Amino acid sequence: MTDAVEEYEAVVVGCGPGGAAAAATLARNGVETLVLERGVDAGSKNVSGGLIYAEESAPYTIDGLFPDFREEATERPVTENVIHNIAGDKVKSFDIGDLHHHDTAWADAVLRRKMDSWLAQQVHERTRETGGGLLTEVHVTGLLRERGEIVGVTTEELDPIKADLVVAADGVNSELARDAGLMDWEDPDEWFQGVKAVVDMEPGVINDRFDVAPDDGAAHLFSGDLFDGVRGGGFLYTNEDSLSIGTVFHLDSIAEEHAEPHELLDSLLTHPLMAQWLGGEYDEREYSAKLVPDSKKAAHPSPHKDRLVLVGDAAGQMQAQGPIIKGMNHAVTAGALAAEAFADARARNDPSQAGELYEKKLHDEGVMDKLRPTGYKVFGQLGELSPVDDLSNAVADSAVGRFGVRAAAGLLERAYSSPRMVSMIPDTKLPYVTLPTVIAEELGEPVTDENTVSPPDLADRIGDLTYDVGDPHIELVDNSFEASGTAVTACPVSAQDFGGGCYRDETVKTNGSEEHLVSLDTQPCVECGTCAIVADTEWEHPAGGKGVEFKQG
Amino acid sequence: MHTVVMTKGVPDFREGQVSFDEDGHLERGKTPTVMNPNDKHALRAAFQTKVRNGGHVSLMSMGPPGYKEVLQEGMRDVYADDLYLLSDREMGAADTWATAMTVATGLQNLDDQPDLVFAGFKTADGETGHTGPQTCWCLDWPMITHVVSLDIDEDAGTVRAKRLVDGDISEIETVEAPMPCFIVADPEFEPTYRKASHRLNHKDLRDETQERAEEYEDYLTVWDHEDLNLDPDYIGLDGSPTIVSGVDPIPKAPSEREATIIEADDSEALVPILDELTPYAVGD
Ligand SMILES: Cc1cc2nc3c(=O)[nH]c(=O)nc-3n(C[C@H](O)[C@H](O)[C@H](O)COP(=O)(O)OP(=O)(O)OC[C@H]3O[C@@H](n4cnc5c(N)ncnc54)[C@H](O)[C@@H]3O)c2cc1C
Ligand SMILES: Cc1cc2nc3c(=O)[nH]c(=O)nc-3n(C[C@H](O)[C@H](O)[C@H](O)COP(=O)(O)OP(=O)(O)OC[C@H]3O[C@@H](n4cnc5c(N)ncnc54)[C@H](O)[C@@H]3O)c2cc1C
Ligand code: SF4
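The rules behind these values
Residues numbered from 1 in each chain as written. Chains lettered and ligands numbered in written order. Predicted model: local features only at pLDDT ≥ 70, side-chain atom pairs only at ≥ 80, totals over all residues. Heavy atoms only, no water. Domains from an automatic or database assignment. Contact = heavy atoms within 4.5 Å. Buried area = accessible area lost by both parts, 1.4 Å probe. Salt bridge = Lys/Arg side-chain N within 4 Å of Asp/Glu carboxyl O. Helix = DSSP H or I, 4+ residues; strand = E, 2+ residues; numbered from the N terminus. Nonpolar A, V, L, I, M, F, W, Y, C, P; charged D, E, K, R; others polar. Core = buried A, V, L, I, M, F, W, Y, C linked by side-chain atoms within 4.5 Å. Buried < 20%, exposed > 50% of the residue type's maximum accessible area, 1.4 Å probe, protein only. Near = heavy atom within 4 Å. Polar contact = N/O pair within 3.5 Å; in protein donor to acceptor, adjacent residues only side chain to side chain. Areas by Shrake-Rupley, 256 points an atom, 1.4 Å probe, with all protein chains shown as cover. Pairing = 2+ DSSP bridges. Axes fitted to C-alpha atoms, helices over the stretch in contact; angles between N-to-C directions. Parallel < 35°, antiparallel > 145°, perpendicular 65-115°, else oblique. Left-handed = near helix turned anticlockwise from the far one by under 90°. UniProt positions renumbered as here; feature names shortened; annotations may be inferred.

1. A closer look at the domain arrangement of chain A
All names here are of chain A.
- Considered domain by domain, chain A is made up of domain 1 (6-75 + 110-183 + 300-371), domain 2 (77-105 + 185-296 + 375-464) and domain 3 (466-549).
- Put simply, the middle of domain 1 and the middle of domain 2, counted by C-alpha atoms, are 30 Å apart.
- Across the contact, 35 residues belong to domain 1 and 36 residues belong to domain 2.
- Taken together, both faces of the contact between domain 1 and domain 2 bury some 3,000 Å²; the carbon and sulfur share is 60%.
- Inspection of the domain 1/domain 2 interface yields one salt bridge.
- Across the salt bridge formed by E240 and K114, the nearest N and O atoms sit 3.8 Å from each other.
- Looking at the side of domain 1 that touches domain 2, the elements with two or more residues in it are β3 (51-55), β18 (319-321), β19 (324-326) and α14 (367-371).
- Considering every element that reaches the side of domain 1 that touches domain 2, the biggest residue donor is β3, with four residues.
- Grouping the amino acids of the side of domain 1 that touches domain 2 by side-chain chemistry returns 13 nonpolar, 12 polar and 10 charged.

Listed below in structure tokens is the structure:
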């Protein structure tokens, strides 16, 4: 028995697309690479919409790194792309194929459990050849430091491990990025919250209802007044034998409006427009949720420190290109670039330069420009100043604005299809709510179908999920309603007047005075990360293999 | 490192597998034979030494030819490398003493002499817990029982174990012994793998042995009493001092409580329940 600290050349934390790309690229460069993933299986913790894009301009794509990827790990390619502007039962649909196809080599719908566990198998085989490998059910808890410098990682299940390179590919709720002081959990406006249902449907029925060939698929996006003024939108993607239907909202908006995420999802599921696709029957396989960073605000310009590099969601590299969400592809690019940077630095006999080189590559390859577009900095942020926002909302909603909308119908469709235009979209009500609503009111036709779908209630949704409950992983630091009450509504598995969720609000009477408090039970937690931001908590992930397990993702 | 694990096939007592006749006698013919569950703990302990210290793990059993599948189970589920079955008519109907004699001779007959031999804590059917210690007695080795964790110092040639003092987890002591050594693994034994390299190794070995379990007979050696040079008078029924005079099924515990079943289809039907419960109500 030796008690020496174990050492690997590289440790990759997390095996989502970012970690998989990093590990595969490290292995290709002969770097001894250990990959640590906390789920029982890679993908068991992960949620995306999800369309994975391969951009023509990207230096790395997932199928470039994993040649059989589309064959083995994806659902249907997207061959039809439509955005629906909704006002009441009026709908105006625009084909946004141009936006979708811009810079797109291909885009496929994916389910993360299937995708990530396939990737993990590949990653294990390749990294094993370099003397490393992939381990699941290991929760990395933080950074190992020597004399204040990052030299490795600490975990719950294993002794500390040293490495020349630590890749934090641990997703949106990265504990490593926080430990390093590179990211924080402060501002709700840096995040979106995504909620999703996977709905069972026979392949043949999908082909008929969406009018697609067996090997084709559709992507539908939704915005307008169906979400009670909460800023964000909905999506529907076709998988092989299921649909992914979900919503993505700005977290600050969910918090301010005290919106119930599951009800917003239900608003989409029960809208008359959905009747044509859902028919009468509705069989929900899985309900899931996760935070999504907004790269425009959260992408770290210099995502590294000592031997640590951040890739993907951990670095905030998740681009909302108007209604199109691109996180997985950027995680892949960043992961591969970080690995390439380490290989370059090592070749120069100075592995400590990896971080600097990685940052340079992100800029040189144009990744940073996509994540933090200049147009948004100039116009978008201007639009977010509240007097400007109020004014534009008023104009769009006024007779003049409405006239403009009618006159410019064709132009609007083109605008929605312009990648440059949509990258400038400010985070205000105007693009998410006001404009789509006005468009639908002025140009739309009423939908007459009757939607008879009744989605499961929250208790059933929680009940259908699989959990291996460990110790509570979230601690309420301040349980006053002022500090943490927002979580009662914003938590996707909690709700006002619902006792079965994570957060409950309580009124406690003591000696004549009354206190408004919040209580927390982490048992049904889906580990989305929302309450790390909207409540006062000590937030960690559960131990390896514990907590929620997604079967679809 | 060479470790050997002793195992026995037992009726699968799990719900849905086991079957009893009207008199409460076990129906062996209808009940599948599986590896004694406690022996899986022993095998896990042995496998841990292989993962951490290298070497190989053998599984040995004395029993009828049907035990081959029990040995295969040990290879498939708990990753034994090679299998030994001590089997012939002369060995049949052995008590724990004769079993121990036979197995000890089997162990001594191995080309590669073991550093550690593991037994389980009791079988699911015989339940004496004698076979392990008696085998050790035949070998004249040091023995550590009720072992819950294990570390090996190969350079020093010693094994250090944590064991339950009174058979329960309220008191644990650490003991050290020279190898070769005999270990009785407690059902509380938990292998620990705190090194990434150990876990990676575990994964490789698991995949490898699971694949091999398909062709387990290639890794199986069967020895009869002649191979072991054993005198039939000292093994099997003839070598067993135990006389089983009879076997009585334990009668079912009589049910003491009476039950009244009330079909509550409507609220009217609930009234009798209230009437029944009222006398037990406390307060007003
Ligand atoms: C509802 C929704 C819809 C989305 N739609 C899309 C879409 O259509 N297209 C798109 O491209 N993107 C979409 N995204 C975003 C996309 O999912 C992410 O950007 C992407 O998954 C980021 O990849 P990643 O590798 O950085 O992190 P992740 O995929 O989150 O992977 C992180 C991995 O690290 C593991 N991990 C985390 N912490 C630890 C730890 N401490 N120790 C060990 N392991 C750990 C996790 O288990 C996980 O496997 C969507 C997201 C949501 C929530
Ligand atoms: C009711 C009853 C009637 C029986 N009748 C007879 C009979 O008529 N004649 C007869 O000879 N036997 C008979 N036996 C079987 C025999 O006495 C024991 O089952 C056998 O010797 C093992 O003892 P055990 O089951 O108590 O195992 P234990 O001593 O509890 O086993 C401890 C450990 O020893 C090891 N071990 C046990 N058995 C073996 C084995 N066969 N090979 C390798 N390792 C082993 C295992 O690691 C096990 O975990 C009878 C048993 C019972 C319960
Ligand atoms: S408890 Fe927090 S992390 Fe868990 S589901 Fe609710 S908001 Fe998300």
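2. Topic: the nonpolar core
Residue and element names in this part refer to chain A.
- With 66 residues, the main nonpolar core has L243, I245, Y503 and V526 as its most contacted residues.
- Taken domain by domain, this core gets at least three of its residues from each of domain 2 (77-105 + 185-296 + 375-464) and domain 3 (466-549).
- I245 has contacts with V195, K196, A197, V199, F235, L236, L265, L268, L269, M274 and L278, leaving out every residue within four places of it along the chain.

3. Observations regarding the site of ligand 2
Residue and element names in this part refer to chain B.
- Around ligand 2 sit 27 residues in total, of which K8, D39, A93, A94 and T128 are the nearest.
- At 2.9 Å from an oxygen atom of ligand 2 is found a main-chain nitrogen or oxygen belonging to H130.
- Out of a free accessible area of 930 Å², ligand 2 has 79% covered by protein chains.
- Of all the secondary structure elements, the ones that give two or more residues to the shell around ligand 2 are β4 (56-62), α3 (96-108) and α4 (131-139).
- The residue inventory of the shell around ligand 2, partitioned by class, reads eight nonpolar, 13 polar and six charged.

4. A closer look at the pattern of salt bridges
- With the rule as written, the count across this model stands at 43 salt bridges over all chains.
- For E340(A), the salt bridge is made with K361(A), and the minimal N-O distance between the two is 2.6 Å. Here E340(A) is found in helix α12 (residues 328-347), whereas its partner K361(A) is found in helix α13 (residues 354-364), with 21 residues between them in sequence. Residues E340(A) and K361(A) agree in their burial class; the two are buried.
- The partner of R163(B) in a salt bridge is E173(B), and the shortest N-O contact between them spans 2.8 Å.

5. Some remarks on the sheet that holds strand β9 (residues 172-178) of chain B
Residue and element names in this part refer to chain B.
- Judged by pairing direction, the sheet is mixed, and its nine strands sit side by side in the order β9-β8-β7-β10-β6-β1-β4-β5-β11 without closing on themselves. Looking at the sheet topology across the chains shown, the edges are occupied by β9 and β11 (220-223). Averaged over all pairs of adjacent strands, the angle between strand axes in this sheet comes to 30 degrees, irrespective of strand direction.
- Strand direction decides the pairing type here: strand β1 (residues 2-6) and β4, joined by five bridges, are parallel. Looking at the pairing, M6 lines up with M60 of β4.

6. Things to note about the interface of chain A and chain B
- Contact with chain A, which involves 20 residues of that partner, is made by 13 residues of chain B.
- Surface buried jointly by chain A and chain B totals about 1,400 Å² across both partners, of which 47% is contributed by carbon and sulfur atoms.
- Linking chain A to chain B there are three salt bridges.
- Across the pair D159(A) and R194(B) runs a salt bridge, and its minimum N-O distance is 3.2 Å.
- Inspection of the region where chain A meets chain B yields 10 residue pairs in polar contact (both at pLDDT 80 or more).

7. Focus: the packing of helix α17 (residues 399-407) of chain A against helix α20 (residues 429-443) of chain A
Residues and elements named next belong to chain A.
- Following both chains from N to C, one finds α17 and α20 inclined at 65 degrees, their axes separated by 9 Å at the closest point. Relative to α20, α17 is oriented roughly perpendicular. Here the hand of the crossing between α17 and α20 comes out right-handed. Residues R402, V405 and R406 of α17 touch α20, and the partners they reach there are L435, V438, I439, E441, E442 and L443.
- In terms of residue class, the contact of α17 with α20 is made up of five nonpolar, no polar and four charged.

8. Focus: the sheet that holds strand β4 (residues 78-87) of chain A
All names here are of chain A.
- Taken in spatial order, the eight strands make up an open sheet running β15-β11-β14-β13-β12-β4-β5-β20, and their pairing is mixed. Only two strands of the sheet have a single partner each, and these edge strands are β15 (284-293) and β20 (445-446).
- The pairing of strand β5 (residues 90-95) with β20 spans two bridges and is classified as antiparallel. Counterpart to K90 in the pairing with β20 is P446.
- Packing against the sheet, α20 makes contact with β4, β5, β11 (191-200), β12 (217-224), β13 (232-238), β14 (242-250) and β20, and its axis sits at approximately 85 degrees to β4.

9. Regarding the UniProt feature "domain: Electron transfer flavoprotein alpha/beta-subunit N-terminal" (unreviewed entry) in chain B
- UniProt's entry tags residues 23-215 of chain B with the feature "domain: Electron transfer flavoprotein alpha/beta-subunit N-terminal" (unreviewed entry), counted in the numbering of this structure.
- As a span, residues 23-215 of chain B carries 35% helix and 25% strand, and end to end its C-alpha atoms are 40 Å apart.

10. Examining the side chain of T489(A)
- Residue position: T489(A) is located in helix α23 (residues 486-490).
- Exposure remark for T489(A): the relative accessible area of 5% places this residue in the buried category.

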